[in-house]
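# Observations on chain architecture
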Amino acid sequence: MTEYRVLLFAQIREEAGQESLPIALPTNATVSDLRKALMERLPKSASLICQSMIAVDEAYASDNVCLKEKSRIACIPPVSGG
Amino acid sequence: MKSLPAIDRYSRQERFALIGKEGQEKLRASRVAVCGVGALGTVIAGTLARAGVGYLRLIDRDIVEWSNLQRQILFDEEDARTGRPKAEAAAKHLSLINKDVTVEPIATELNARSAQDLLSNVDLIVDGCDNFDTRFLINDFSLRHRVPWIYGGAIGASGQSMTILPGRTPCLRCLIETPPPPGSLPTCETAGIIAPASMIIASIESAEAIKILAGQSIAVTPGLFVLDLWNGTSKRINLDSLKDNPHCPACGRGEYPWLEGTLGSSTTSLCGRDAVQVIPSRAEGVDWERLKRDLSIKPGVQLTPFLVRFEAEGFEFSVFRDGRAIIRGTDDVVLARSLYARHIGC
């Protein structure tokens, strides 16, 4: 297992009440696995997490991208207001 | 006393070497559509008018309300008291800021039917709107007609922005393939917003706009800018892996369903606002003079140059020149349609 620290943004951060969450995943887990784990940890934000972009090392990462041990991960929901 | 000439009005901007007199002249000759004149749009329009952009088209379907004054910087109490359309109110204030700028206020909804008219003949489209359906429509228009646009959104203490240069950068659909369903995302009404969040995002959009209009597209900042003001972080997410994506329905495959009107909604519950907007289904619009005459007999009616407002059955109706109405007191779209049919009738 590898533990990742996931930075949270906007409403997801507010609903979680913290800036980041530790998420443990098996080695070679993908962005898609991470998204599922986040949704389980923050069920109230599940639909927002589902629509969110996952950035790995400050770059957009599609669902099939494999996470690496020291990957810096951010979960960024779309922002609609204006 | 004779007033001093305004010859050095743009001197500080011209002194900035990357703009100079040449860039300033390009700004003067530029035409911009600002879509949505709320928290983002008022800051963008104010900044671009002060910067000397020659022509601004302000598009907004809504009216000024008291809850707007906390962050929508071109409006005042008089605008909220009279329920002035935002586009008109913003234009009035901009005319006091810079009379050399031509401002065209358009108090109507941007949708598939109106997009061709409202977005044509500009060099740039800047997003100040509050929903993804309209942004996907702008994205479609931008790609089809090769007009750059700048996305911005803000909520709570957060926000994001991205500049789309057709053919050179990823587009909004590269990032978000389908828009989140209506009601699935928090809105400023449901989740709140602090003014600095929208002001920073609008300022970033304005800076990107000035670069593009001054002929410095090369300096456009790539990627998605993400801001969280409460914990003081900002990031720029690299989107290079989305470039030249043949699978993007819009920029890869050339499908524009929002522009063609096959996707997107026309009658909408104004989320979290306890109000519904109803648009008449007749494409040719309505006879405003007749509508005004018919509605003027309603008890307690208010007539302004822009709208007729009255109350009936405990609901408040604001009816605009294009026949569009905002019905306050319900978020039930079906009820709103039937109230519209009963009291406005077209």
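Bear in mind the structure is a predicted one, so any value in this text is a computation, not a measurement. (Residues numbered from 1 in each chain as written. Chains lettered and ligands numbered in written order. Predicted model: local features only at pLDDT ≥ 70, side-chain atom pairs only at ≥ 80, totals over all residues.)

## Quick look at the overall build of chain B
A count of helices and strands for chain B gives 13 helices and 14 strands. Computed over the C-alpha atoms, the radius of gyration of chain B is 20 Å, within 12% of the 20 Å expected from 2.2 N^0.38 for a compact globule of 346 residues. The principal-axis extent of the C-alpha atoms belonging to chain B is close to 65 × 60 × 40 Å. The 346 residues of chain B split such that 48% are buried. Residue pairs at least 24 apart in sequence account for 66% of intrachain contacts in chain B once pairs closer than 6 positions are excluded. (Helix = DSSP H or I, 4+ residues; strand = E, 2+ residues; numbered from the N terminus. Rg over C-alpha atoms; globule rule 2.2 N^0.38 Å. Buried ≥ 20, exposed ≤ 12 C-beta atoms within 10 Å, placed from the backbone. Contact = placed C-beta atoms within 7 Å.)

## Some remarks on the sheet that holds strand 7 (residues 224–228) of chain B
Residue and element names in this part refer to chain B. On the basis of which strands lie adjacent, the open sheet formed by eight strands has the order 3-2-1-4-5-6-7-8 and mixed pairing. Among the strands making up the open sheet, the edge pair consists of strand 3 (102–106) and strand 8 (233–237). Averaged over all neighbouring strand pairs, the angle between strand axes comes to 15°, with direction disregarded. Of the pairings in the sheet, the one linking strand 4 (residues 124–127) to strand 5 (residues 149–155) comprises two bridges and is parallel in character. From the neighbouring strand, I125 faces strand 5, where its bridge partner is W149. (Pairing = 2+ DSSP bridges. Axes fitted to C-alpha atoms, helices over the stretch in contact; angles between N-to-C directions.)

## Some remarks on the interface of chain A and chain B
Chain A puts 20 residues into the contact, and the matching count from chain B is 37 residues. Per-element tally for the side of chain A that touches chain B: the top contributor is helix 1 (residues 10–16) of chain A, with four residues. Broken down by class, the residue content of the side of chain A that touches chain B amounts to ten nonpolar, six polar and four charged. (Nonpolar A, V, L, I, M, F, W, Y, C, P; charged D, E, K, R; others polar.)

## Focus: helix 7 (residues 132–145) of chain B
Residues and elements named next belong to chain B. An ideal rise of 1.5 Å per residue puts 20 Å on 14 residues; helix 7 measures up with 20 Å between its terminal C-alpha atoms. For helix 7, the tally of buried residues reaches twelve of 14 residues, placing the bulk of the element in the interior. Three or more residues of helix 7 are buried, namely F132, D133, T134, R135, F136, L137, I138, N139, D140, F141, S142 and L143. Looking one or two places after helix 7, you find R146, whose phi comes out positive at around 55°. (Expected span 1.5 Å × (residues − 1).)

## Some remarks on the sheet that holds strand 3 (residues 53–56) of chain A
In a beta sheet, neighbouring strands are held together by backbone hydrogen bonds and run either parallel or antiparallel to one another. Residues and elements named next belong to chain A. What the five strands build is an open sheet, ordered 2-1-5-3-4; its pairing is mixed. Edge positions in the open sheet fall to strand 2 (20–25) and strand 4 (59–60), since each of these has one partner strand only. Relative to strand 4, strand 3 runs antiparallel, the two being bridged by two bridges. Bridged to A55 within strand 4 is Y60.

## Thoughts on the domain arrangement of chain B
Residue and element names in this part refer to chain B. Split by domain assignment, chain B resolves into domain 1 (11–260) and domain 2 (268–343). Using C-alpha coordinates to define each centre, domain 1 is positioned 28 Å away from domain 2. Contacts between the two partners involve 16 residues from domain 1 and, on the opposite side, 14 residues from domain 2. Here the residues of the side of domain 1 that touches domain 2 are counted per class, giving four nonpolar, six polar and six charged. (Domains from an automatic or database assignment.)

## A closer look at the nonpolar core
Residues and elements named next belong to chain B. Ranked by internal contacts, the top residues of the largest apolar core, which has 129 residues, are V34, A45 and L58. No other element matches the ten residues that helix 10 (residues 195–213) contributes to this core. Each of domain 1 (11–260) and domain 2 (268–343) gives at least three residues to this core. Among residues more than four places away in sequence, those in contact with V34 are G41, I44, A45, L56, R57, L58, I59, V126 and G128. (Core = buried A, V, L, I, M, F, W, Y, C linked by C-beta atoms within 7 Å.)

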